[in-house]
Amino acid sequence: MHRSTPAPPTIVLVHGAFTDASSWAGVISRLHTAGLPVRAVANPLRGLAQDAAYIGSVVRKIDVPVVLVGHDYGGAVITHAATDADNVVALCYVAAFGLDTGECVLDIVNRFAPAPGADATFTAALPAPIPGGPDRELYIRKEQFPQVYAADLPTSVKEVLSVAQRPIAWTALTSRSGPPAWASKPSWYAIATADRILNPTAQRFMAQRMAATEYALDGSHAVVLSQPDAVVAMIREAAEQGDDGSATGGLPMSLF
């Protein structure tokens, strides 16, 4: 009698502010080549509790182990969403917010020296506010977007990203996180060392706080697009170790 081969974990990708699920395109194609199933979820970007509830509902419907991957604000979402998702075996953060209990995104931003792109954002009222919903959204100024968000991408790509950006509700940045999933699940963190949106020092602080296995990537905030091979290497390591239960917080790994 032949034993059935266990199904590989599904990789669930959660994008952050100012972009959408298409930002994972290069990562998705490489994960597929590696034989890993993938879901790239549309993050609502409306508020931490509701965004995490939405992502959590997607994850709980997957009947195999899951590796949750978050970029930017998507890190805050997976931190919150994975606490009651028993099938999540590992967490991966890519230039992302790994919040602790009671923290919000702005707490981390304000704790460290402002990143060069700090003055590139602005808020605007929703064109048609929804009763009981957020009333303001955050954008990056179109003329500053290429350099502060995606300096290491081709000009044509940067220009497309700048006009296609998805704003994030201001309330999502001030929503308080619950107990972090990284306190009980193995974690990996890709630090974007040339990030002009989220201070790399803040990223390193969060990675060390969660005892994550660190990958140092010499890339911009858009590192999921500019260095998909390195991001996939981290995800594959998390998938392999998380699925067999042998993962622990590890030593830093440099991919300069």
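Just so you know, the residues in each chain are numbered from 1, in the order the chain's sequence is written. Reporting in this predicted model follows two pLDDT cut-offs: at least 70 for local features of residues, and 80 or more for side-chain atom pairs to be given and counted; totals over whole chains, interfaces and linings ignore these cut-offs and use all residues. With hydrogens and water excluded, all non-hydrogen atoms of the structure serve as input to the side-chain values.

Our focus in this paragraph is the sheet that holds strand E5 (residues 121-125). Between any two strands, at least two bridges found by DSSP are needed for them to pair. Helix and strand labels come from DSSP, where a helix needs a run of H or I of at least four residues and a strand needs a run of E of at least two; each type is numbered from the N terminus. The sheet built from three strands is open, its strands ordered E5-E6-E7 with antiparallel pairing. Each edge of the open sheet is held by one strand with a lone partner, namely E5 and strand E7 (168-169). Sheet topology note: the strand E6 (residues 136-140)/E7 ladder contains two bridges and is antiparallel. Looking at E7, one finds that Leu-138 is bridged to Ile-168.

For the protein chain, per-residue confidence averages 91 on the pLDDT scale, and residues scoring 70 or more make up 90% of the total. The pLDDT value expresses, per residue, how confident the predictor is, ranging between 0 and 100. Contacts between residues were defined by any pair of non-hydrogen atoms, one from each residue, lying within 4.5 Å. Low pLDDT (under 50) marks residues 246-256, which in the prediction has 26 contacts with non-local residues, meaning those over four places away or in another chain.

Ring geometry is summarised as follows: Phe, Tyr and Trp rings, the Trp one being its six-membered ring, pair when their centres sit within 6.5 Å, and such pairs are stacked at plane angles under 30 degrees, edge-to-face over 60 and tilted between the two. Taken as a whole and assessed by the stated rule, the structure comprises four aromatic pairs. With a centroid separation of 5.5 Å and an interplanar angle of 55°, the aromatic rings of Phe-112 and Phe-205 are classed as tilted. With Phe-112 in the loop between helix H4 (105-111) and E5 and Phe-205 in helix H8 (residues 200-209), the pair connects residues that are 93 residues apart, well separated along the chain. Ring geometry for Phe-145 and Tyr-149: centres 4.7 Å apart, planes at 25°, overall stacked. Of this pair, Phe-145 and Tyr-149 both sit in helix H5 (residues 145-149), four residues apart, which is roughly one turn of the helix. Each of the two residues, Phe-145 as well as Tyr-149, counts as buried. When accessible area is computed with a 1.4 Å probe and restricted to protein chains, residues below 20% of their type maximum are described as buried, those above 50% as exposed, and intermediate ones as partly exposed.

Salt bridges are defined as contacts in which a side-chain nitrogen from Lys or Arg sits within 4 Å of a carboxyl oxygen from Asp or Glu. For the structure on display, the rule yields five salt bridges. In this structure, the salt-bridge partner of Arg-209 is Glu-103, at a minimum N-O distance of 2.9 Å. Of this pair, Arg-209 sits in helix H8 while Glu-103 is found in the loop between strand E4 (88-96) and H4, placing the two residues 106 residues apart along the sequence. Of the residues examined, Glu-103 reaches a relative accessible area of 12% and is grouped as buried. For Arg-176, the salt bridge is made with Asp-107, and the minimal N-O distance between the two is 2.3 Å.

With that out of the way, let us pick up the nonpolar core. The definition of a nonpolar core used throughout is a set of buried Ala, Val, Leu, Ile, Met, Phe, Trp, Tyr and Cys residues joined through side-chain atoms within 4.5 Å. With 56 residues, the main nonpolar core has Leu-68, Tyr-73, Leu-91, Ile-168 and Tyr-189 as its most contacted residues. When residues no more than four places from it in sequence are discounted, the contact partners of Tyr-73 are Gly-16, Ala-17, Asn-43, Leu-45, Gly-47, Leu-48, Asp-51, Phe-97, Val-105, Ile-168 and Ala-172. Ranked by size, the runner-up nonpolar core spans 29 residues in total, among them Ile-28, Val-38, Tyr-215 and Ala-239.

Let's shift gears to the side chain of Ser-187. Mapping Ser-187 onto the fold places it in strand E8 (residues 187-192). Taking the relative accessible area as the measure of exposure, Ser-187 reaches 3% and is therefore buried. Two N or O atoms form a polar contact when they lie within 3.5 Å of each other; inside protein one atom must be a possible hydrogen donor and the other a possible acceptor, and for residues adjacent in sequence the pair counts only when both atoms belong to side chains. For Ser-187, the side chain forms a polar contact with the main-chain oxygen of Lys-185, separated by 3.2 Å. Ignoring any residue separated from it by four or fewer positions in sequence, one finds Ser-187 in contact with Leu-91, Tyr-93, Trp-182, Met-210, Ala-212 and Thr-213.

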